[in-house]
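Observations on the model geometry
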Amino acid sequence: CPSSGPPRVSEKVAHRQTVRLGSAIKLPCPVEGDPPPLIMWTKDGRNIHSGWIRFRILRMGLKIKEVEADDTGTYICKATNGFGSVNVNYTLIVIGKYGGQGPVSCSWILRPRFTQPAKMRKRVIARPVGSSVRLKCTASGTPRPDIVWLKDDQPLTEREVGEGRQNRWTLTLKNLTPAHSGRYTCRVSNRAGEINATYKVEVIQRTNSKPVLTGTHPLNTTVDYGGTTSFQCKVRSDVKPVIQWLKRVETNEESRYNSTIEVGDHRFVVLPTGDVWSRPDGSYLNKLLITRAKEEDAGMYICLGANTMGYSFRSAFLTVLPDTKPPIMPVFPAASNSLPWPVIIGIPAGIVFIFGTVLLWFCQSRKQCPPPGSPAAAIPHRVPPCRERERSCAAPSSGSSSLDKDCVSALNYEEYLAQQQQLLLNQGGAAISAKIYPKIYTDIHTHTHSHVDGKVHQHQHIHFQC
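Residues numbered from 1 in each chain as written. Predicted model: local features only at pLDDT ≥ 70, side-chain atom pairs only at ≥ 80, totals over all residues. Heavy atoms only, no water.

Here's the deal with the overall build of the protein chain
Condition: Numbering of helices and strands starts at the N terminus; helices are DSSP runs of H or I of at least 4 residues and strands are runs of E of at least 2. When a residue's accessible area, from a 1.4 Å probe over protein chains only, is under 20% of the maximum for its type it is buried; when over 50% it is exposed; and in between it is partly exposed. We call two residues in contact when some of their heavy atoms are within 4.5 Å. Per-residue accessibility takes into account occlusion by the displayed protein chains alone, with areas from the Shrake-Rupley method and a 1.4 Å probe.
Helix and strand content of the protein chain: five helices and 31 strands. Here the protein chain, with 466 residues, has 32% of them falling under the buried criterion. Pairs at least 24 residues apart make up 62% of the contacts formed inside the protein chain by residues separated by at least 6 positions. Accessible surface, the protein chain as shown: approximately 29800 Å² in total, 55% of it carbon and sulfur.

Some words on a nonpolar patch on the surface
As a reminder, the rule being used: Put simply, a patch holds well-exposed residues, over 30% relative accessible area, that have no salt bridge, with like charges counted together within 9 Å and Val, Leu, Ile, Met, Phe, Trp or Tyr side chains within 5 Å. Between Lys or Arg on one side and Asp or Glu on the other, a salt bridge is scored when a side-chain nitrogen of the former is within 4 Å of a carboxyl oxygen of the latter.
On the surface, a cluster of nonpolar side chains totalling about 260 Å² of accessible area is made up of Val343, Ile347 and Ile351. Taking relative accessible area as the criterion, Val343 reaches 34% and is therefore assigned partly exposed.

Concerning the packing of aromatic side chains
Test applied: Any Phe, Tyr or Trp ring, taking Trp's six-membered ring, that has another such ring centre within 6.5 Å forms a pair; planes under 30 degrees apart are called stacked, those over 60 apart edge-to-face, and the others tilted.
Applying the stated criterion across every chain, the model contains six aromatic pairs. Seen in terms of ring centroids, Trp41 and Tyr90 are 6.3 Å apart; in terms of plane orientation they differ by 20 degrees. Their pairing is stacked. Of this pair, Trp41 sits in strand S5 (residues 38–43) while Tyr90 sits in strand S10 (residues 84–95), placing them 49 residues apart in sequence. Under the relative-accessibility criterion, Trp41 is labelled buried at 0%.

Quick notes on the sheet that holds strand S9 (residues 73–81)
Counted only if it meets this: Strand pairing requires that DSSP identify at least two bridges connecting the strands.
Read across the sheet, five strands follow the order S2-S10-S9-S5-S6 without closing on themselves; strand pairing throughout is mixed. Of all the strands in the sheet, just strand S2 (16–20) and strand S6 (46–47) have a single pairing partner and so form its edges. Alignment of S2 against S10, held across five bridges, turns out to be parallel. Among the inter-strand pairings, Gln17 is bridged to a residue of S10, identified as Leu92.

Describing the pattern of salt bridges
Taken as a whole, this structure holds nine salt bridges when the rule is applied. Through salt bridges that share partners, Arg54, Glu68, Asp71 and Arg144 make up one connected network.

A closer look at unusual backbone geometry
Residue Asp34 is joined to Pro35 through a cis peptide bond whose omega torsion reads 5 degrees. The topology assignment puts Pro35 in the loop between strand S4 (31–34) and S5. Here Asn175, not a glycine, exhibits a phi torsion of approximately 45 degrees, which is positive. With respect to the secondary-structure elements, Asn175 resides in the loop between strand S17 (170–173) and strand S18 (182–190). Judged by relative accessible area, which is 55%, Asn175 ranks as exposed. The backbone of Arg292 sits at a positive phi, close to 50 degrees, despite the residue not being glycine. Looking at the element boundaries, Arg292 is found in the loop between strand S27 (283–290) and strand S28 (299–307).

Thoughts on a positive patch on the surface
The cut-off we apply is this: Charge assignment: positive for Lys and Arg, negative for Asp and Glu; neither His nor the chain ends contribute. Charge positions are represented by NZ for Lys, CZ for Arg, CG for Asp and CD for Glu.
Together, Lys26, Arg56, Lys63 and Lys65 make up a positively charged patch on the protein surface. Inspection of the secondary structure puts Arg56 in strand S7 (residues 55–58). Since its relative accessible area comes to 57%, Arg56 is described here as exposed.

Some thoughts on the confidence of the model for the protein chain
We count it as follows: Confidence scores labelled pLDDT are given residue by residue by the predictor and lie between 0 and 100.
On average, residues of the protein chain carry a pLDDT of 76, and 69% of them reach 70 or more. Taken as a whole, residues 372–411 scores under 50 in pLDDT and shows 39 contacts with residues more than four places along the chain or in a different chain. Counting interchain partners and residues more than four positions distant, the pLDDT-below-50 stretch residues 428–441 has eleven contacts.

Some points on the state of the cysteines
Just so we agree on the cut-off: Sulfur atoms of two cysteines make up a disulfide when they are within 2.5 Å.
Enumeration according to the criterion identifies three disulfides in this entry. Bridging Cys29 to Cys77, the disulfide has an S-S length of 1.8 Å. Where Cys29 bonds to Cys77 through sulfur, the torsion about that S-S bond is close to -75 degrees, and the disulfide is left-handed. Residue Cys29 is found in the loop between strand S3 (25–28) and S4, and its partner Cys77 is found in strand S9; the two are separated by 48 residues along the sequence. One exposure class covers both Cys29 and Cys77, and it is buried. At a sulfur-sulfur separation of 1.8 Å, the disulfide partner of Cys137 is Cys186. Of note, the bridge from Cys137 to Cys186 carries an S-S torsion of about -70 degrees and is left-handed in sense. Residue Cys137 is located in the loop between strand S13 (133–136) and strand S14 (139–142), and its partner Cys186 is located in strand S18; the two are separated by 49 residues in the primary sequence. Exposure class is identical for Cys137 and Cys186. Each is buried.

Here it is as C-alpha cells:
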C-alpha cells in the first residue's frame, strides 16, 4: 500500500507507440499515489477533453478510435495530487494500412464522413429568445478533414464558431436573439472530397402568455399488474412553469384522501411531483413514475402546467391489467414421519410410570394385592402376603379372640360372620346352649386412617349381641 506522497509510475511502458491507420490504440498511464492523483492528458501541448470525439480518457489510460494520420504526435499523461506530480510521455506514430510511414499516400486516403448522423436528423429547429442550441457536424476522414461553418452562405468568424479545432465540430449558439435566425451550414472537406449539412434555426420572440403543453404527451397507457410505467409532460412557457400531476378521485373514493381540489366538474388529488427539467429548445419536462401498479392506480391523470399568466392541462388514462398470477399459498415444511428417540422412549415410560403409581395407590388404599403378572407386581411395596393370611384365617386357633385385620379384609362378609359365630359357641362351653342363643347379631364398623407419609391404616370394630 503506497504511503502518502507524490504520484509515481508503477510500471514501465514503451514510450514509442506505433499504430495502423484506421485502427484503435490504448496508451496506458500506470500511476499510483496517496491521495489518488488526478489524471490529465495532452497532445502536442493541447488538453484532451470530451469534445475530442474519437478520444476517450479511461481510468488508467487513453483510448483512440479510428486513428487518423493527424493523430501522430506527443502525448503526455500528467498525474497530480497534493504532494506533487509525475508525467508519462508517449510518441505516437501512425503508419499506413500497408506498412507505409511518412506522407499520406493515395492508397489510404479516405473521403470525409459524418460519424454521428443520428444526432443530425433534426434540421429545422425553433427556439425561444434567450435559449440555446447546438448544431453537430462530427466527421472523420483521411487525412483529417477541415470544417467550415457558414450562416446564410457566409463564413462565421473564429469567435462565433468557438476556440479549438475540436470545438468546431459542434456549433453552439447561446442566449439566442431574433438575429440568430437563419440557415447554418457545415462544410467538411479533405483531399478526397467534401460533404456538408444545413440546419434552419428560427428564434421565436417570447410573449407573456400562459403555458402551452407541446407534443402529444401525456398518452393513454396500459401497464401489467405490479409493473412500472410513467407519464411525461412537456410544457412551453416564457418563464419556468410549475408542473403538477393530479389524479381524478371517484365519488366513492373521496373519503380515502385528506384533501382534494376541483378541476372542471371533477375532484382530483395532488400527487408528489419530481424535478422540472429545462430543455435546450426552451421547453420544460416533467415525468410521473408509477411503480408496482395496482388496481387503485387506474384512472384519469392530469398534467397541469401553470405560470403567473394562467395554466393549461391535458389528461390521459392509465389502465392496469388484472393480476393473472394465482395467489401464492404458504408452503409449510412436511412433518417428519419419525419422532426423536427421546420422545419414542419417554412416552411409553411415562405411561407405565403413571399407571404403576395409580395402581400402587389403589392397592394400598384398598389393601388388595394386584393379580400376578400385572405391572404393579414389579413395583416394590409393603403389602402383607395375603395368601398365607388366608390360610391362617381359614383355621384360627382356639385361643384367638380376634382375626388379623389384614385377613378380615381378605375374606368376604359371610365367611367372616360364620367364623365369629363358631368361635362364640366354642368359648361358651356347656353354659351356653344353642337353644338359648339361637342367633348371634353382629355389628361391624370399619375405620380407615390416612397418615402423613402416605400410608393407609384400616381396622374394624365387631360388636356381638345375643
